[in-house]
Amino acid sequence: MEENKEKELADLRKELKELLVDSLSLEDIKPEEIKDDEVLFGEGLGLDSLDAVEIVVLLQRNFGLEVKDMNLGKKIFYSVDTLARYILENKKQ
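About the criteria used
- Residues numbered from 1 in each chain as written.
- Predicted model: local features only at pLDDT ≥ 70, side-chain atom pairs only at ≥ 80, totals over all residues.
- Heavy atoms only, no water.
- Helix = DSSP H or I, 4+ residues; strand = E, 2+ residues; numbered from the N terminus.
- Rg over C-alpha atoms; globule rule 2.2 N^0.38 Å.
- Buried < 20%, exposed > 50% of the residue type's maximum accessible area, 1.4 Å probe, protein only.
- Contact = heavy atoms within 4.5 Å.
- Areas by Shrake-Rupley, 256 points an atom, 1.4 Å probe, with all protein chains shown as cover.
- Lys, Arg positive; Asp, Glu negative; His and termini not counted.
- Charge placed at Lys NZ, Arg CZ, Asp CG, Glu CD.
- Salt bridge = Lys/Arg side-chain N within 4 Å of Asp/Glu carboxyl O.
- Core = buried A, V, L, I, M, F, W, Y, C linked by side-chain atoms within 4.5 Å.

Novice: So what exactly am I meant to see when it comes to the overall build of the protein chain here?
Specialist: Scanning the protein chain for helices and strands turns up four helices and zero strands. Along the protein chain, helices and strands appear, N-terminal first, in the series α-α-α-α. A globule of 93 residues ought to have a C-alpha radius of gyration of about 12 Å, and the protein chain, at 13 Å, matches this closely. Viewed in the frame of its principal axes, the protein chain has a C-alpha envelope of about 35 × 30 × 20 Å. Within the protein chain, the proportion of its 93 residues that are buried is 38%. Taking all contacts inside the protein chain whose residues are at least 6 apart in sequence as the whole, residues at least 24 apart take part in 55%. By element, 49% of the accessible surface of the protein chain is carried by carbon and sulfur atoms, the whole surface being about 6200 Å². Here the protein chain contributes 14 positive and 23 negative side-chain charges, whose respective centroids are spaced 5 Å apart.

Rendered as structure tokens:
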């Protein structure tokens, strides 16, 4: 069971990296160059508030999830890993 969860998390991280690069038009970055725990905003990947809106849309469109509480959003949007864990824990079965 735990092994399945880890594989699912790894697959989700890979998918998220590809979605982020495509959706946010990150031309200079390849999905595989983004570290799982790399900070997405500010000093890390350098995303901004407009990118946060795009991530909200991306979560709705691709995973059927909504993030209404922006304080929670800050924690969820910290890294690819935190996004993947949120999706795994909250996606519709």
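More follows now that the structure is in view.
Novice: Would you explain the side chain of Asp 51 in this entry?
Specialist: Structurally, Asp 51 can be placed in helix H2 (residues 49–63). At 13 Å, Arg 61 is the nearest oppositely charged side chain to Asp 51, a buried residue that forms no salt bridge. Ignoring sequence-local partners within four residues, the contact set of Asp 51 consists of Leu 24 and Phe 41.

Novice: Looking at this structure, I do not really get the side chain of Ser 79. What am I missing?
Specialist: Position of Ser 79 relative to the elements: it lies in the loop between helix H3 (70–76) and helix H4 (80–90). Look past the residues within four positions of Ser 79 in its chain and what remains in contact with it is Asp 36, Asp 37, Glu 38 and Leu 40.

Novice: Just checking my understanding: could you explain the nonpolar core for this structure?
Specialist: Proteins that are soluble and globular tend to have nonpolar side chains buried together. Of all hydrophobic cores here, the largest spans 28 residues; its most connected members are Leu 16, Ile 55, Leu 59, Phe 63, Phe 77 and Leu 83. When contributions to this core are tallied by element, the ones reaching two or more residues are helix H1 (2–23), H2 and H4. If we skip the residues at most four places from it in the chain, Leu 16 touches Leu 58, Phe 63, Val 80, Leu 83, Ala 84 and Ile 87.

Novice: Could you clarify how one ought to interpret the environment of Ile 55 in this entry?
Specialist: Summarising the element assignment, Ile 55 is placed in helix H2. Judged by its relative accessible area of 1%, Ile 55 falls in the buried class. Excluding anything up to four places from it in sequence, Ile 55 contacts Leu 20, Leu 24, Phe 41, Leu 47, Phe 77 and Leu 83.

Novice: Before we go on, may I ask you to explain H4 in this structure?
Specialist: Within the sequence span of H4, burial applies to Val 80, Asp 81, Leu 83, Ala 84, Tyr 86, Ile 87 and Leu 88. The secondary structure elements touched by the buried residues of H4 are H1, H2 and H3.

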